[in-house]
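# Structure at a glance
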Amino acid sequence: MKVGVYQTDPVLLDVKTNLEATIEKIEAAKAQGVDLVVFPELSLTGYFVRERYHEASLRMDSPEIQRLAKATRGTAAVVGFIEESPALNFYNSALVAVDGEIRFAYRKLNLPNYGVFEERKIFATGKKVRVFRHKGLTIAPFICNDLWHPSLPYLGVTQKADIFITMFNSSRGSMGDEFSNIESWNIINRFYSRVFGVYNLCANRVGCEVFEDLRSDDGERTDEVPAVVDDNPFRFWGGSEIINPFGQAITTAALFDPDAIFADISRDLVRKKRIMLPYLRNDDPYFTHRELGRILYGSHLLH
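Reference entry: report on the structure contained in this document. All values reported here derive from a predicted model rather than from experimental measurement. (Residues numbered from 1 in each chain as written. Predicted model: local features only at pLDDT ≥ 70, side-chain atom pairs only at ≥ 80, totals over all residues. Heavy atoms only, no water.)

## Let's talk about the pattern of salt bridges
Operational definition: By definition here, a salt bridge exists when the distance from a side-chain nitrogen of Lys or Arg to a carboxyl oxygen of Asp or Glu is within 4 Å. Numbering goes from the N terminus for both helices and strands, where a helix is a DSSP run of H or I of at least four residues and a strand is a run of E of at least two. The cut-offs for exposure are 20% and 50% of the maximum accessible area for each residue type, with area from a 1.4 Å probe on protein chains only; residues under the lower value are buried, those over the upper are exposed, and the others partly exposed.
Applying the stated criterion to the full structure yields 15 salt bridges. Across the pair Lys108 and Glu41 runs a salt bridge whose closest N-O atoms are separated by 2.9 Å. Taken together, the positions of Lys108 in the loop between strand S5 (101-107) and helix H3 (119-122) and Glu41 in the loop between strand S2 (36-38) and helix H2 (63-70) put the pair 67 residues apart, joining distant regions of the chain. The class of Glu41 is buried, set by a relative accessible area of 1%. For the salt bridge of Asp162 with Arg267, the shortest nitrogen-to-oxygen distance reads 3.2 Å. Of the two residues, Asp162 sits in the loop between helix H4 (151-157) and strand S8 (163-168) while Arg267 sits in helix H6 (residues 267-276), which places them 105 residues apart along the sequence. What emerges from the salt-bridge pattern is a single network uniting Asp9, Arg205 and Glu209.

What follows is the structure in structure tokens.
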């Protein structure tokens, strides 16, 4: 299977422009024989949407989502967007579309609410770790902070995932000077591949967004973004990667610039890794379930 990751610089809150660019990239990937195309978290909206999140939201039956799904005929794509549910909840979601059909929207499970992040103020929380099958492989999508909670990738592996999709929006200085997001994601991306024996398609974005709420001093809204400077803490750094089941980078995208990376992957390498280093051979999810029951509800309930 040939896979691709597009490292994009979305225009904040401009769904129309971002949608056209996304469809163009899907068509270009399809022309190259790419079977699966991955985009970063919130690639249709930009990240710092703040209180204007509802202006950029899409329902699953919206014309924009239908167009996006239709564009995947002959391939598959996973695209970040703001999902508006029929119950009027809003989610940081990833659309999964395969061969022109919508499979589902994966909804981010762990919403950060620290540092510069305020997602829990505006988004509802997802409820499921989901997987899908494509070209004989099982694929588990995750969004950013989900990968900082190891129980979630584990739930993907218990569903026999061969590939993780890691979509994120990481800016260089969002957690302060004493914490390197670049170094941390470099470790995380490789860790899960090495321990679980899965491919990891890691899509981060680039570009710069203001953290303010896009209002001018007189209270009027403005979409002007200051010129990017090298030390801007809200500059997204890119560095997207495709990692093999041994935790080694097959290919890595540029830092700070839009880019596209591609790789041929095979379940044969997943098989080889799990034969050589069978970390999961004796894993027992029923034991995990029992222990969680004991810890959460007390051992007397398990007698």
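## Structural notes on the nonpolar core
Cut-off, in case you're wondering: For the purposes of this section, nonpolar cores are sets of buried Ala, Val, Leu, Ile, Met, Phe, Trp, Tyr and Cys residues that join through side-chain atoms within 4.5 Å. Two residues qualify as a contact provided that any one of their heavy atoms is within 4.5 Å of a heavy atom in the partner residue.
Of all hydrophobic cores here, the largest spans 49 residues; its most connected members are Leu36, Phe164, Ile165 and Leu201. Aside from chain neighbours lying at most four places away, what touches Leu36 is Met1, Lys2, Val3, Gly4, Thr75, Ala76, Ala77, Val78, His134, Ile139, Ile165 and Leu201. Core analysis: the next-biggest nonpolar cluster, separate from the first, contains 38 residues, Phe39, Tyr47, Ile65 and Ala69 among them.

## Digging into unusual backbone geometry
Non-glycine residue Leu13 carries a positive phi angle of around 70°. Within the secondary structure, Leu13 sits in the loop between strand S1 (2-7) and helix H1 (15-31). Of note, the phi angle at Lys135 is positive, near 55°, even though the residue is not glycine. With respect to the helices, strands and loops of the structure, Lys135 is situated in the loop between strand S6 (132-134) and strand S7 (137-143). Assessed through its relative accessible area of 57%, Lys135 is described here as exposed.

## Quick look at the pairing of S5
Here is the rule we go by: By this definition, two strands are paired if DSSP reports at least two bridges between them.
Here strand S4 (residues 90-98) runs beside S5; their pairing, made up of six bridges, is antiparallel. Counterpart to Ala97 in the pairing with S5 is Ile102. Counting the residues in the hairpin turn of S4 and S5 gives two residues, including Asp99, whose phi is positive at 50°.

## Details of the packing of H1 against H2
The criterion, for reference: Angles here are taken between N-to-C directions and fall from 0 to 180 degrees, while the axes themselves are lines fitted to C-alpha atoms, restricted in helices to the stretch in contact. Any angle between 65 and 115 degrees counts as roughly perpendicular, while under 35 counts as roughly parallel, over 145 as roughly antiparallel, and the rest as oblique. Definitions for this section: a left-handed crossing has its near helix turned counterclockwise from the far helix by less than a right angle. A right-handed crossing has that turn clockwise. Polar here means any residue outside two lists: the nonpolar Ala, Val, Leu, Ile, Met, Phe, Trp, Tyr, Cys and Pro, and the charged Asp, Glu, Lys and Arg; Gly therefore counts as polar.
Relative to each other, H1 and H2 sit at 15°, their axes nearing to 10 Å. As the angle between them shows, H1 and H2 are arranged roughly parallel. Of the two elements, H1 crosses H2, and the hand of that crossing is left-handed. Here Leu19, Glu20, Thr22, Ile23 and Ile26 of H1 lie close against H2, whose contacting residues are Glu64, Arg67 and Leu68. Considered class by class, the residues forming the contact of H1 with H2 number four nonpolar, one polar and three charged.

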